[in-house]
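Examining the three-dimensional arrangement
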Amino acid sequence: VGMTVPWELYCQYGDRSVLTEHYEAMKRYADYLETCVGSDGTISEHTILELGDWLGPENSHNDVGFLLATYELYDLDIMTRTAIVMNQTGDAKKYSSLYETRKKWFNHHYIDPTTHRTLNAKGEKMDTQTSYAVPLALGAFDEAERPYAVRYLAEACQRENWDDKKIKRP
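Residues numbered from 1 in each chain as written. Predicted model: local features only at pLDDT ≥ 70, side-chain atom pairs only at ≥ 80, totals over all residues. Heavy atoms only, no water.

This part covers the overall build of the protein. Secondary structure summary: the protein contains 6 helices and 0 strands in total. Secondary structure elements in the protein, listed N-terminal to C-terminal, are α-α-α-α-α-α. Burial analysis of the protein (170 residues in total) assigns 43% to the buried set. Across the protein, every contact between residues at least 6 apart in sequence was considered, and the portion connecting residues at least 24 apart equals 61%. As displayed, the protein offers around 9,800 Å² of accessible surface, 54% of which is attributable to carbon and sulfur atoms. (Helix = DSSP H or I, 4+ residues; strand = E, 2+ residues; numbered from the N terminus. Buried < 20%, exposed > 50% of the residue type's maximum accessible area, 1.4 Å probe, protein only. Contact = heavy atoms within 4.5 Å. Areas by Shrake-Rupley, 256 points an atom, 1.4 Å probe, with all protein chains shown as cover.)

What follows deals with helix H3 (residues 64–85). The end-to-end C-alpha distance of H3, which contains 22 residues, comes to 32 Å, matching closely the 32 Å that a straight helix rising 1.5 Å per residue would cover. With respect to burial, H3 is a largely interior element, 18 of its 22 residues being buried. At the N-terminal end of H3, a side-chain oxygen is found 2.8 Å from the backbone nitrogen of Gly65, two or three residues along, and the residue is Asp63. (Expected span 1.5 Å × (residues − 1). Polar contact = N/O pair within 3.5 Å; in protein donor to acceptor, adjacent residues only side chain to side chain.)

The subject of this paragraph is the packing of helix H5 (residues 129–138) against helix H6 (residues 146–159). Running from amino to carboxyl end, H5 crosses H6 at an angle of 140°, the nearest separation of the two axes being 8 Å. Judged on the interaxial angle alone, H6 and H5 are oblique. You can see that H5 and H6 cross each other, and the crossing is left-handed. Counted together, Gln129, Tyr132, Ala133 and Leu136 of H5 and Arg146, Ala149, Val150, Tyr152, Leu153, Ala156 and Cys157 of H6 form the full contact between these two elements. In terms of residue class, the contact of H5 with H6 is made up of 9 nonpolar, 1 polar and 1 charged. (Axes fitted to C-alpha atoms, helices over the stretch in contact; angles between N-to-C directions. Parallel < 35°, antiparallel > 145°, perpendicular 65-115°, else oblique. Left-handed = near helix turned anticlockwise from the far one by under 90°. Nonpolar A, V, L, I, M, F, W, Y, C, P; charged D, E, K, R; others polar.)

Written out as structure tokens, the structure reads:
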């Protein structure tokens, strides 16, 4: 919220004052996230508040570390854009570089290079609605992976009876 709300307020109203007010806190949070990244590149689910898709029909199949990494990318993207708006060139380069490095790691670690399906931290197929929808929405997939993710998201929705043919409407 500390990253998203100031950014979204700026996007909606064009008022930089909210970014000015929250810029240092946003930087501290982005920097804190990097201290949560382990030597293997994963983010420990015990170091920051656990994220999840508790309403998704496949919640028990989602990898918390995967979701943490997805939101980390989103936060780094917001931080990069905020630094650009605030004319903080050094910070923009720093967060952009972190974003690119972590995005490469995410796509290498959580995407099967052969099938292009999502994987959990153990390298096992995850292949859930959440594992495609959240990274698509937050820009975590590489450009080449997006078409696969869209297709697999549609398949996951159909598996879970989310198409109009299988849901009885009142």
